[in-house]
Amino acid sequence: MQLEPREHISAWRVILAPLMAIVVAFIICSGLIIWTGESVIDAYGFLFIGGFGSKFALSETLNRATPLIFTGLAAAVAFRAKFWNIGAEGQLYFGALAATILGTGVVTMPSFLMIPFLFLAGAMAGGLALIGPVLLKSTLKVDEVVTTLLLNFVILLFVNYLLEGPLKDPMSMGWPQAASIIDQGVLPALLPRTRLHIGFLVAISAAVMIWALMRYTIWGYEIRAVGANPTAARFSGISINRTVMLVAILSGGLAGMAGITETTGTKGYLTLDLSPGFGYSGIAVAMLANLHPIGVVLSAIFLAGIYVGSDSMSRAVNIPTYIADVMVALSVLSVLVSLMLVQYRVRWK
Amino acid sequence: MAELHIKGVTKRFGSLTANDNISLSVATGEVVALLGENGAGKTTLMNILFGHYVADEGSIDIDGTTLPPGSTDAAIKAGVGMVHQHFTLAENLSVLDNIMLGTESLFSLTSKVGAARKKLINLAEEYNLDVHPDALVGALSVGERQRVEILKVLYRGAKILILDEPTAVLTPAETDQLFANLKNMVARGMSIIFISHKLHEILAISDRVTVLRHGTVVGEVVTIDTDRAKLAELMVGRKVSRPKAEHMEAGAPVVELKDISIAGEKGMPKALKDVCLTIRRNEIVAIAGVAGNGQSELAGLLSGTLPQDSGEILVEGQKVTDNNPLQFLQMGFGRIPEDRHHTGTVGEMSIWENLISESLRQSPLWRFGRIIDFAACRKRAAELVEQFDIRCNGMEGQARLLSGGNMQKLILARTLTANPKFILANQPVRGLDEGAIAFVHEQLLNARSAGAGILLVSEDLDEIFSIADRVAVIYHGQVSSLLNVRETNIRQIGAMMGGDMKAVA
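Residues numbered from 1 in each chain as written. Chains lettered and ligands numbered in written order. Predicted model: local features only at pLDDT ≥ 70, side-chain atom pairs only at ≥ 80, totals over all residues.

**Focus: the overall build of chain A**
Item 1. Along the backbone of chain A there are 13 helices and two strands.
Item 2. Against the compact-globule benchmark of 20 Å for 349 residues, chain A has a radius of gyration of 21 Å, which places it among compact chains.
Item 3. Taking all 349 residues of chain A together, the buried fraction comes to 48%.
Item 4. The long-range fraction of contacts in chain A, counting pairs at least 24 apart against all pairs at least 6 apart in sequence, stands at 79%. (Helix = DSSP H or I, 4+ residues; strand = E, 2+ residues; numbered from the N terminus. Rg over C-alpha atoms; globule rule 2.2 N^0.38 Å. Buried ≥ 20, exposed ≤ 12 C-beta atoms within 10 Å, placed from the backbone. Contact = placed C-beta atoms within 7 Å.)

**Here we look at the overall build of chain B**
Item 1. In terms of helices and strands, chain B carries 17 helices and 23 strands.
Item 2. Relative to the 2.2 N^0.38 estimate, which gives 23 Å for 505 residues, the radius of gyration of chain B is 25 Å and therefore close to what a compact globule would have.
Item 3. Principal axes of the C-alpha set define a box for chain B whose edges measure 70 × 50 × 50 Å.
Item 4. Within chain B, the fraction of its 505 residues that count as buried is 42%.
Item 5. Contacts in chain B between residues far apart in sequence, at least 24 positions, make up 69% of those at least 6 positions apart.

**Thoughts on the domain arrangement of chain B**
Residues and elements named next belong to chain B.
Item 1. You can read the domains of chain B as domain 1 (4-236) and domain 2 (253-497).
Item 2. Look at where the C-alpha atoms of domain 1 and domain 2 centre, and you get two points 33 Å apart.
Item 3. Between domain 1 and domain 2, the contact holds nine residues from the first and eight residues from the second.
Item 4. Its residues placed into classes, the side of domain 1 that touches domain 2 shows four nonpolar, four polar and one charged. (Domains from an automatic or database assignment. Nonpolar A, V, L, I, M, F, W, Y, C, P; charged D, E, K, R; others polar.)

**With respect to the confidence of the model for chain B**
All names here are of chain B.
Item 1. Within chain B, residue pLDDT values average 87, and 97% of them lie at 70 or more.
Item 2. Highest mean pLDDT in chain B belongs to strand β19 (residues 422-426) (95); lowest belongs to strand β17 (residues 366-367) (74).
Item 3. Interface predicted TM-score (ipTM) for the complex: 0.84; the corresponding pTM is 0.79. (pLDDT = per-residue confidence, 0-100.)

**Side note on the interface of chain B and chain A**
Item 1. Counting residues at the interface gives 26 residues for chain B, matched by 19 residues for chain A.
Item 2. Those elements that place two or more of their residues in the side of chain B that touches chain A are α10 (325-330), α11 (340-344) and β18 (371-372) of chain B.
Item 3. Broken down by class, the residue content of the side of chain B that touches chain A amounts to eleven nonpolar, ten polar and five charged.

**Overview of the packing of helix α5 (residues 111-140) of chain A against helix α10 (residues 240-267) of chain A**
Residue and element names in this part refer to chain A.
Item 1. The interhelical angle for the contact between α5 and α10, taken along N-to-C directions, is 140°, at an axis separation of 6 Å. Looking at the two axes, α5 sits oblique to α10. When you trace α5 past α10, the crossing you get is right-handed.
Item 2. A breakdown of the residues in the contact of α5 with α10 according to their chemical character gives 15 nonpolar, eleven polar and one charged. (Axes fitted to C-alpha atoms, helices over the stretch in contact; angles between N-to-C directions. Parallel < 35°, antiparallel > 145°, perpendicular 65-115°, else oblique. Left-handed = near helix turned anticlockwise from the far one by under 90°.)

**Some thoughts on helix α4 (residues 113-126) of chain B**
One turn of the α-helix equals 3.6 residues, which is why residues spaced by three or four share an orientation.
Item 1. For α4 of chain B, with 14 residues, the first-to-last C-alpha span of 20 Å sits near the 20 Å given by 1.5 Å per residue.
Item 2. Once α4 of chain B finishes, N128 of chain B follows within two positions and takes phi at roughly 60°, a positive value. (Expected span 1.5 Å × (residues − 1).)

**Quick notes on the pairing of strand β9 (residues 208-213) of chain B**
Residues and elements named next belong to chain B.
Item 1. Where strand β3 (residues 31-35) meets β9, four bridges bridge the pair, whose relative direction is parallel. From the neighbouring strand, L34 faces β9, where its bridge partner is T210.
Item 2. Pairing analysis gives six bridges linking β9 to strand β10 (residues 216-222), with the strands arranged antiparallel. In the strand pairing of β10, L212 is matched with V217.
Item 3. Hairpin connection between β9 and β10: a loop of two residues separates the two successive antiparallel strands, and H214 in this loop has a positive phi of roughly 45°. (Pairing = 2+ DSSP bridges.)

**A closer look at the packing of helix α4 (residues 88-103) of chain A against helix α11 (residues 278-288) of chain A**
Residue and element names in this part refer to chain A.
Item 1. Contact pair α4 / α11: the axes reach a minimum separation of 6 Å and the direction vectors enclose 130°. If you check the angle between α4 and α11, you find them oblique. As for the relative orientation of α4 and α11, their crossing is right-handed in sense. In this structure, α4 contributes A88, E89, G90 and L92 to the contact, and α11 contributes F278, G279, Y280 and G282.

**Brief notes about the sheet that holds strand β2 (residues 16-26) of chain B**
Residues and elements named next belong to chain B.
Item 1. Read from one edge to the other, the open sheet built from four strands follows the order β2-β1-β4-β5, with strand pairing classed as antiparallel. In the strand order of this sheet, the two ends are held by β2 and β5 (65-66), each with one partner.
Item 2. Packed on one face of the sheet, helix α1 (residues 42-49) meets β1 (4-13), β2 and β4 (57-62) and runs near 115° to β1.

**What about the sheet that holds β10 of chain B?**
Residue and element names in this part refer to chain B.
Item 1. The strand order across the open sheet formed by six strands is β6-β7-β8-β3-β9-β10, and the pairing between neighbours is mixed. With partners counted over all chains shown, the strands left at the sheet margins are β6 (80-83) and β10, one partner each. Within the sheet, the average angular offset between the axes of one strand and its neighbour, ignoring direction, is 20°.

**Digging into helix α2 (residues 40-52) of chain A**
All names here are of chain A.
Item 1. Taking 1.5 Å per residue as the helical rise, α2 with its 13 residues ought to reach 18 Å, and the 18 Å between its terminal C-alpha atoms agrees with that figure.
Item 2. For α2, the full list of buried residues reads A43, F46, L47, G50 and G51. All buried residues of α2 project into a common sector of 120° when viewed along the axis, lining one side.
Item 3. Those residues of α2 that are buried are in contact with α1 (11-36), α3 (55-80) and α12 (293-316). (Arc of directions from axis to C-beta.)

**Examining the environment of V222 of chain B**
Item 1. Along the chain, the position of V222 of chain B falls in strand β10.
Item 2. Put simply, V222 of chain B and R156 of chain B are 66 residues apart on the chain and 31 Å apart in space, counted from C-alpha to C-alpha.

**Section: the pairing of β2 of chain B**
All names here are of chain B.
Item 1. Across seven bridges, β1 lies against β2 in antiparallel orientation. Of the residues in β2, the one forming a bridge with H5 is S25.
Item 2. Between the end of β1 and the start of β2, which pair antiparallel, lie two residues, with G14 showing a positive phi angle near 60°.

**Regarding unusual backbone geometry**
Residue and element names in this part refer to chain B.
Item 1. The phi dihedral of E165 is positive, around 45°, even though this residue is not glycine.
Item 2. Inspection of the secondary structure puts E165 in the loop between β7 (160-164) and α6 (172-187).
Item 3. Looking at E165, the number of C-beta atoms within 10 Å reads 20, which means it is buried.
Item 4. For N282, which is not glycine, the phi dihedral falls at a positive 60°.

**Notes on the environment of T17 of chain B**
All names here are of chain B.
Item 1. One can find T17 in strand β2.
Item 2. Sequence separation between T17 and V32 is 15 residues, and the spatial gap between their C-alpha atoms is 23 Å.
Item 3. Those residues within four positions of T17 in sequence are excluded, and the remaining contacts are R12 and G215.

**A few points about the environment of I279 of chain B**
All names here are of chain B.
Item 1. Looking at the secondary structure, you find I279 in strand β12 (residues 272-280).
Item 2. What makes I279 buried here is the crowd of 24 C-beta atoms within 10 Å.
Item 3. Along the sequence, I279 and E256 sit 23 residues apart, while their C-alpha atoms lie 6.3 Å from each other.

In structure tokens, the structure reads:
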């Protein structure tokens, strides 16, 4: 078996390949469903209905997709510059901390100022969480995979301490949770009687802005050049350290905004189970989207649909919700394989 | 031992016909040179012979048996061995391991190291290819690595050896050694296909020459019946002559290096030692030397990527305080890097994006501060593509798909369009064909006439003597004083490159 680079890469292949890959992942997954003894059609039917089949299901899916879009963009921006930020989870909690500290009564403004203020604060906090790893990388060449990954646990334990101590809500009856966000800071619902809030629209506009930034600005040009060939980028006058710093602040900032939508939109207050691993799932979202900002929106909705749908599937048929993780993992793997097949053709001998 | 007949091979890639009805025969004990410019179809033909590609038409016979198309295994079994231009060796393994790798089965229960070592030593002795079996490949010189590549091919029982641009990375002395080895192998019955675009090498080593142009055979000549000019004309399709520098009065100093030193890697001697050098307007100063004597540090210094440890750089009398590539660009430096793929271009980005990479931050190619003005960029890039005759399939294509010559034209276009007052040209014609070399030299001479001072770093003395005004030799990080090209000769410079700084003309 041999791989041979394709001379021309057609556009329809680039779009069609990931879709085919996801179909393949579902086919492989049906093996597992058959193993449990349930009907494949029933299982996928319930999965789809649970994720997309009703107004409520759809609103839940989009609600779940909101933080995933932010963390997916965080990974997509960073990975484009080959800055391997694995710390979106920690940055998300830093954003959530900013919302808690500033949004529980210390600052009071009308909603139309309070909400942008909290988003900005969350973004700055998320960016701040990445400053350390960036400086360690640019001065001492410390690998950012290690520092950003480990910082997740440091930040989570720090949040744990704050929730047991200084930030613990006295009205929480002993539960480790912070005070509620004041009404002016709470994100208004997008649809009445659902949890879907305007954070979803913010996420989509963030994706469009990141797409435009990468495509139309000199910053985007520099980020792409540094990611593709740092030696040539530096030679042509681009400052690598400055570009990586910019990427880190963008990436951390986007992850921090995920913390904002979760505290001020979905939950209303900070707890230690605010994020079921949104930071890590963001990496899968970005990979599934081939690092394309608009693709991130679609892949985040897809992933969220699987997670939400698998809950109702597991209630309806006897399949554990873990199947969702298997599906996501298989989808990412098969999409990666399909993207390679877009670039290369396989020759069997 | 082996006879090879390539019969009427045609290979098309989309609308491009890379090989058009090519026939070629090699007899036992014969060296056939395959001559052609970059993109003439040499590599495609060899890939078909070696089974990497399947030909659309035609066939390949070895000793009367037709090779099954597209089978590398069959080609190897039939005795075809290929030594690639870029070595395929694992640096962290020994010579013996490298040779066994991919040759011996991984699933064998008994180790064949003993037998392999014996076979390797015998081969090395028979063909006079002196390499220690246990030496780490990473510690070997380029010439020695090439010997390992050849031994690897011989170990697999090759009788027809294909050498793809084998001298591109060798010093003149190593080239002589290689040629001696090849002649010895031919005398023992090997057949050799020698791919090159260097005419003097082809004249020195081959028995017959097949010339390819645009995918077709345009000439088959016996080497002793031809000469350099005839071959060049066949290859390029028209008369080409490399331009020569006309005498020109040099102007005011543009770049002065004063006592520059740069530390070597840990535990190594200094890479540059107290280097003093002055480059004036309207002149080309050449730095001659064998690779690895401090050229890359000197080039890094003048590109802005490697700051000096002591000493200073003066640009038109002003001391340079901030060594970084952007600063150097803004001072009016043009830089042609040694490695086109790795340093010169971002291969994954488009041709137009690469063409504007150095001017993007300076000239009005953007609006509202930071938004790229696509129309202006594409217009600028289109002008450069036209002006420098960059042959490409549209400017949106990835830069990595350009041929070497066109990639170098891209870099030249980008560099010269800024009207630099100083140009660092580091090995600007390495790996280019005759037509492209003439083009690059012409452009450098034009820049010189326009008032630029040029520092030409080169290992090719022919190049230095045809376009440089003054020449200095770099040896172990030290740069000799400048000699006027008209007052020295190749013998003196050659001796100085070997370390004899007191050699006379």
